[in-house]
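Fold and contact review
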Amino acid sequence: MSRDWNFSEETLKAIVARIYQRLEENKAELDVTTDYGLGVVDGMEQVIDMIKNDLEGRNLRASDYGIKL
């Protein structure tokens, strides 16, 4: 099934900001002294870092997308 989706820069900003927000929530909610908690937070930090690098590689500011690293 095909669905049309009007994708915009604002959509991307909302998605990236939500991923970053969830990272911050996980840092507060999970016990990062356990392998599980540490793994979840580390994995999300790696995803955020990859997104940040991709944005900056396109001369975009990560902070405009809600990333505060």
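The paragraphs below set out a description of the structure included in this document. What you are looking at is a predicted structure, and each value in this text was computed from that prediction instead of being measured.

1. A few points about the overall build of the chain
Across its full length, the chain carries two helices and zero strands. The C-alpha extent of the chain, read off along each of the three principal axes, is 40 × 35 × 15 Å. Every one of the 69 residues in the chain was classed for burial, and the buried ones make up 23%. Across the chain, every contact between residues at least 6 apart in sequence was considered, and the portion connecting residues at least 24 apart equals 37%. For the chain, the accessible surface area stands at approximately 5,200 Å², while carbon and sulfur atoms represent 51% of it. Across the chain, 9 positive and 14 negative side-chain charges occur, with their mean positions spaced 5 Å apart.

2. Structural notes on the pattern of salt bridges
In total, this model carries eight salt bridges according to the counting rule given. In this structure, K13 and E10 form a salt bridge, with 3.7 Å as the shortest nitrogen-oxygen distance. With K13 and E10 both in helix α1 (residues 9-29), this residue pair falls three residues apart, about one helical turn. The exposure class of K13 is partly exposed, given its relative accessible area of 21%. With relative accessibility at 54%, the residue E10 sits in the exposed group. The partner of K27 in a salt bridge is E45, with the nearest N and O atoms 3.4 Å apart. One end of the pair, K27, is in helix α1; the other, E45, is in helix α2 (residues 35-57), and 18 residues separate them in sequence. Residue E45 is classed as partly exposed on the basis of its relative accessible area, which comes to 34%.

3. Digging into the nonpolar core
The nonpolar side chains of a soluble globular protein tend to be buried with one another. Listed in full, the 11 residues of the largest apolar core are V16, Y20, L23, V41, M44, I48, I51, L55, A62, Y65 and I67. Broken down by secondary-structure element, the contributors of at least two residues to this core are α1 and α2. The biggest single contributor to this core is α2, with five residues. Not counting chain neighbours up to four residues away, the residues in contact with L23 comprise V41, M44, E45 and I48.

4. Comments concerning α2
For α2, spanning 23 residues, the distance from its first C-alpha to its last is 32 Å, which sits close to the expected 33 Å at 1.5 Å a residue. Buried within α2 are the following residues: G37, V41, M44, I48, I51, K52 and L55. Where α2 ends, the next residue or the one after it, N59, has phi of about 60°, a positive value.

Conventions adopted
- All residue numbers refer to positions counted from 1 along the written sequence of the respective chain.
- Totals for whole chains, interfaces and linings use every residue, but because this is a predicted model, local features are given only for residues with pLDDT of at least 70 and side-chain atom pairs only at 80 or more, for both listing and counting.
- Here the side-chain values reflect all heavy atoms present in the structure, with hydrogen atoms and water set aside.
- Helix and strand assignments come from DSSP, with helices taken as H or I runs of at least 4 residues and strands as E runs of at least 2, each series counted from the N terminus.
- Relative accessibility under 20% of the residue-type maximum defines a buried residue, over 50% an exposed one, and the middle range a partly exposed one, all with a 1.4 Å probe and only protein chains included.
- Note on definitions: a residue-residue contact is assigned when non-hydrogen atoms from the two residues lie within 4.5 Å.
- Only the protein chains shown count as cover for residues, with accessible areas throughout obtained via the Shrake-Rupley method and a probe of 1.4 Å.
- Positive charge is attributed to Lys and Arg, negative charge to Asp and Glu, and no charge count is given to His or to the chain ends.
- Charge coordinates come from a single atom per side chain, which is NZ of Lys, CZ of Arg, CG of Asp or CD of Glu.
- Definition used for salt bridges: Asp or Glu carboxyl oxygen within 4 Å of a side-chain nitrogen of Lys or Arg.
- To qualify as a nonpolar core, a set must consist of buried Ala, Val, Leu, Ile, Met, Phe, Trp, Tyr and Cys residues joined through side-chain atoms within 4.5 Å.
- The span one expects for a helix is its residue count, reduced by one, times 1.5 Å.

All we've got here are geometric facts, nothing functional implied.
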